[in-house]
Amino acid sequence: MNDLAQQLGESFLAASWLPQVLMVIVTVIAINIGAFYLLRHIEKVAATRTSNVWGDALIRAARKPLTLIVWVTGVAFALQIMHEHSGAPVFAFVVPTRDTVIVAALAWFLLKLISHATHTIMTRSAAMEDALDYTTLDALSKLGRFTVVIISALVILQTLGFSISGVLAFGGIGGIAVGFAAKDMLANFFGGLTIYLDRPFAVGEWIRSPEKQIEGTVEYIGWRHTRVRAFNKNPIYVPNALFTTIVVENPTRMTNRRIKETIGIRYADLDKMAAIVADVKAMLQAHPEIDTDATLIVNFNEFAASSLNFFIYTFTKTVEWVHFHEVKQDVLLKVAAIIQAHGAEIAFPTRTLHIESGPDMAQTGSGEPPALCREAG
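Residues numbered from 1 in each chain as written. Predicted model: local features only at pLDDT ≥ 70, side-chain atom pairs only at ≥ 80, totals over all residues. Heavy atoms only, no water.

**A closer look at the sheet that holds strand β7 (residues 308-316)**
Logical step 1: Judged by pairing direction, the sheet is antiparallel, and its three strands sit side by side in the order β5-β7-β6 without closing on themselves. Since the sheet does not close on itself, it has two edges, and those belong to β5 (257-265) and β6 (297-303), each with one partner. Ignoring which end each strand starts from, the neighbouring axes of this sheet average 20° apart.
Logical step 2: Direction of pairing for β6 relative to β7: antiparallel, over a ladder of six bridges. Looking at the pairing, F300 lines up with F310 of β7.
Logical step 3: Running at roughly 10° to β7, helix α8 (residues 273-286) makes contact with β5, β6 and β7 of the sheet.
Logical step 4: The sheet contacts of helix α9 (residues 321-341) involve β5 and β7, and relative to β5 the element is tilted by about 25°. (Pairing = 2+ DSSP bridges. Helix = DSSP H or I, 4+ residues; strand = E, 2+ residues; numbered from the N terminus. Axes fitted to C-alpha atoms, helices over the stretch in contact; angles between N-to-C directions. Contact = heavy atoms within 4.5 Å.)

Here's what the structure looks like:
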């Protein structure tokens with residue numbers, strides 16, 4: 001250790017390398033300043049024109065990693081000059097360290113590029129009518145980042161002198177053990193992959209699964225779980241593996257909403273049933289919010305206990321929940337108006353009691369008819 005300190009001290013006293021090192025440092029500073037102003041100028045020029053997604057992302061992602069690479073390269077070059085004059089063994093680590101940092105900086109650049117590009121694409125897509133599927137884009141972004149990290153780690157290991165084939169072999173053996181220990185995590189991972197590939201739902205859509213009491217709006221789809229915001233505003237965290245074994249409804253992708261109602265009128269209005277049914281059907285066919293290309297049925301279909309029932313089966317054009325109920329309310333009020341216009345009334349549950357009198361009542365003298373009462377609807 002003393003010899004190393006003495007050797008370094010003699011090198012500093014000689015200082016024949018000092019001008020070269022200073023020149024390298026000045027050059028590095030100049031390159032960084034030039035790169036900064038060049039990138040800022042390119043970004044301003046791109047902002048005034050029809051900008052390209054990848055071009056904008058490239059400029060934003062390159063700033064800090066480029067600065068790091070220039071500084072690492074310059075410092076490593078300066079240390080090599082010092083090494084040539086001093087011969088100290090500590091400088092043997094300069095080249096592997098430089099290569100490792102450069103690989104890490106390139107990985108940093110690629111990660112920032114993917115992140116900025118994804119954000120820019122989603123921002124611009126949100127303003128367009130034909131928006132991209134956020135779930136698919138998010139999956140591609142995560143897959144790209146994962147690939148960059150894995151490849152960068154392997155290259156760094158190779159740079160540091162490790163055998164990649166040995167690492168992969170060890171990883172294969174260790175992967176079997178990890179697979180048994182973390183089978184639930186792997187099941188969730190492949191469940192998330194299935195969601196990304198099959199796309200049964202996307203972020204922002206309303207889903208439900210009655211068998212598991214899951215219903216709400218999808219907020220986030222990860223590799224391990226999916227977060228669903230219930231209508232009472234509580235978050236539901238669902239393991240992705242569950243979606244491979246349950247039936248999931250996606251009401252967001254419905255084409256229409258259905259109106260299915262049974263309406264009863266009095267038995268006294270039997271002669272008016274045909275006209276009422278015909279007028280209700282004509283009203284639905286002329287209604288601007290009813291989809292006449294879908295199934296539309298209005299028919300008398302039941303002699304009920306206290307009413308004559310006809311049913312309405314039709315679909316609205318809107319799928320929006322609040323507007324659908326406004327349309328349904330309008331339809332029901334018009335049905336009530338049609339029934340009233342024909343002089344009929346909507347029935348409600350009633351019972352009529354018929355009391356029969358006869359010779360047996362007089363014979364008993366008790367004033368109570370023996371089993372002579374019956375109910376009729």
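**Let's talk about a nonpolar patch on the surface**
Logical step 1: Judged by side-chain polarity, L22, I25, I29, I33, F36, Y37, W71 and V75 come together as a nonpolar surface patch covering roughly 720 Å² of accessible area.
Logical step 2: Per-element tally for the nonpolar patch: the top contributor is helix α2 (residues 18-47), with six residues.
Logical step 3: Its place among the elements puts Y37 in helix α2. (Patch = residues over 30% accessible without salt bridge, like charges linked within 9 Å, V, L, I, M, F, W, Y side chains within 5 Å. Areas by Shrake-Rupley, 256 points an atom, 1.4 Å probe, with all protein chains shown as cover. Salt bridge = Lys/Arg side-chain N within 4 Å of Asp/Glu carboxyl O.)

**Details of the pairing of strand β2 (residues 214-221)**
Note on strand geometry: in a regular strand, side chains alternate between the two faces of the sheet.
Logical step 1: Inspection of the sheet shows strand β1 (residues 206-209) paired to β2 by four bridges, in the antiparallel sense. Within the sheet, the bridge partner assigned to I207 lies in β2 and is G216.
Logical step 2: Connecting the antiparallel pair β1 and β2 is a turn made up of four residues, with Q213 showing a positive phi of about 55°.
Logical step 3: One ladder, built from four bridges, connects β2 with strand β3 (residues 225-229); its direction is antiparallel. Counterpart to T217 in the pairing with β3 is R229.

**Regarding the pattern of salt bridges**
Logical step 1: For the coordinates displayed, the defined rule picks out eleven salt bridges.
Logical step 2: Ionic pairing is found between E205 and R253, a salt bridge with its closest N-O pair at 3.1 Å. Here E205, found in the loop between α7 (183-198) and β1, pairs with R253, found in the loop between β4 (235-239) and β5; they are 48 residues apart in sequence, far enough to count as distant.
Logical step 3: Given the relative accessible area of 42%, R253 is considered partly exposed.
Logical step 4: Two residues, K334 and D330, come together in a salt bridge whose shortest N-O distance is 3.4 Å. One end of the pair, K334, and the other, D330, are both in helix α9, four residues apart, so they sit about a helical turn from each other.
Logical step 5: Several salt bridges converge on common partners, so that one network encompasses R266, D269, K272 and E345. (Buried < 20%, exposed > 50% of the residue type's maximum accessible area, 1.4 Å probe, protein only.)

**Concerning the packing of α8 against α9**
Logical step 1: Between α8 and α9, the shortest axis-to-axis distance is 10 Å and the interhelical angle comes to 145°. As α8 packs across α9, the resulting crossing turns out to be right-handed. Each of I276, D279, V280, M283 and L284 in α8 lies in contact with α9, whose residues at this interface are V331, K334, V335, I338 and I339.
Logical step 2: Taken together, the residues of the contact of α8 with α9 sort by class into eight nonpolar, no polar and two charged. (Left-handed = near helix turned anticlockwise from the far one by under 90°. Nonpolar A, V, L, I, M, F, W, Y, C, P; charged D, E, K, R; others polar.)

**Details of the confidence of the model for the protein chain**
Logical step 1: Taken over all residues, the pLDDT of the protein chain has a mean of 78, while the share at 70 or more is 73%.
Logical step 2: Taken together, the stretch residues 370-377 has pLDDT below 50 and engages in 17 contacts with residues farther than four places along the chain or on a different chain. (pLDDT = per-residue confidence, 0-100.)

**Describing the environment of A282**
Logical step 1: With respect to the helices, strands and loops of the structure, A282 is situated in helix α8.
Logical step 2: Distance in space between the C-alpha atoms of A282 and V298 is 9.6 Å, their sequence separation being 16 residues.

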